[in-house]
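Results of the structural survey
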Amino acid sequence: MGTGEIGLPSLRALITRADCEVVAVVTQPDRPAGRGKKLHAPEVKRVAEAAGIPVLQPLKLRAPEAVAELATFAPDVIVVMAYGQILPRVVLDLPRLACLNLHASLLPRHRGAAPIQAAIREGDAETGITVMYMAEGLDTGDILLSRALALDPHETGGSLHDRLAGLAPEAMNAALDLLESGSAPRTPQEEVFATYAGKLGRVILMDDCFRTVNDPEIGRAAVRVLERAGYAVELAGLECCGRALISKGFLPAARELARSQVAGLATFQLSYPVVIV
């Protein structure tokens with residue numbers, strides 16, 4: 001189960017795993033996108049269909065008909081990464097062995113929707129992938145295993161996203177090996193160390209939003225400042241500038257923060273207009 005592109009390497013790893021049969025892929029429904037608002041399928045769906053795997057796209061996974069359809073596949077294991085819906089208890093109980101979630105942090109630190117940006121914002125020295133047994137709480141399940149990586153001083157949300165996406169298949173395969181051998185551990189999370197990373201405002205850099213006189217490092221520094229101020233930043237195809245969509249939470253204070261902290265102050269300007277959504 002997954003929708004975000006962070007899960008694509010793990011899906012491909014499952015498809016090519018010799019002792020694993022992917023009987024179905026569950027992802028979010030196609031959504032309108034682009035200027036023409038044409039329906040756009042998640043990349044997860046495209047990869048699954050290319051491999052000849054049935055794809056389920058329920059509007060609500062908890063709907064009885066969606067649960068019944070999923071049950072027909074009689075899964076041994078359900079693997080979830082960035083799916084985008086909460087799994088009800090009836091779905092968690094479907095697999096014979098386990099319902100596993102690949103979470104992009106070292107739990108219990110940074111539970112919730114935006115662990116990647118939270119690791120950067122908090123200045124963490126390391127983060128990683130946690131494979132956990134899913135429970136009804138928000139990322140509260142027992143830990144099967146985790147894999148860590150160190151953050152680069154110049155890390156951005158995009159670069160860390162891609163590194164964690166690459167780390168996830170190794171963690172997932174190790175977890176599946178342990179399940180298959182009957183030796184998979186269950187380690188309860190230590191609640192005293194739990195932190196939460198809620199959903200962030202979304203920032204996509206727009207034309208002329210960042211004027212960086214073709215200095216990519218200044219653009220990357222601007223991205224890091226915005227992420228540490230609590231925004232999820234996406235780049236639209238250019239190295240250090242592009243298109244931008246800025247959420248209602250983007251305040252003038254963030255602009256001043258960027259101006260005061262980004263290297264190359266004389267050549268950096270965060271300017272309007274911006275799109276507020």
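That block above? That's the structure.
This report concerns the structure included in the present document. No experiment lies behind these values; they were computed from the predicted model shown.

Next up on the list: the packing of helix α1 (residues 8-16) against helix α6 (residues 157-181). As a packed pair, α1 and α6 sit with axes 7 Å apart at the nearest point and diverge in direction by 40°. Judged on the interaxial angle alone, α6 and α1 are oblique. With respect to the hand of their crossing, α1 and α6 are arranged in right-handed fashion. Every residue of α6 that contacts α1 at P9, S10, A13 and L14 is listed here: A165, A168, P169, M172, N173 and L176. Partitioned by chemical class, the residues of the contact of α1 with α6 number eight nonpolar, two polar and no charged.

Bringing the sheet that holds strand β7 (residues 126-133) into the picture now. Read across the sheet, four strands follow the order β5-β6-β7-β8 without closing on themselves; strand pairing throughout is mixed. If you trace the sheet from one side to the other, it starts and ends with β5 (77-80) and β8 (143-150), each paired once. For this sheet, the mean angle separating the axes of adjacent strands, direction not counted, is 15°. As judged from the seven bridges shared by β7 and β8, these two strands associate in the antiparallel manner. Its bridge partner lying in β8, G128 is registered against A148. Sitting on the sheet, α6 touches β5, β6 (98-103), β7 and β8, and the angle it makes with β8 is about 150°.

Conventions adopted
Residues numbered from 1 in each chain as written. Predicted model: local features only at pLDDT ≥ 70, side-chain atom pairs only at ≥ 80, totals over all residues. Heavy atoms only, no water. Axes fitted to C-alpha atoms, helices over the stretch in contact; angles between N-to-C directions. Helix = DSSP H or I, 4+ residues; strand = E, 2+ residues; numbered from the N terminus. Parallel < 35°, antiparallel > 145°, perpendicular 65-115°, else oblique. Left-handed = near helix turned anticlockwise from the far one by under 90°. Contact = heavy atoms within 4.5 Å. Nonpolar A, V, L, I, M, F, W, Y, C, P; charged D, E, K, R; others polar. Pairing = 2+ DSSP bridges.

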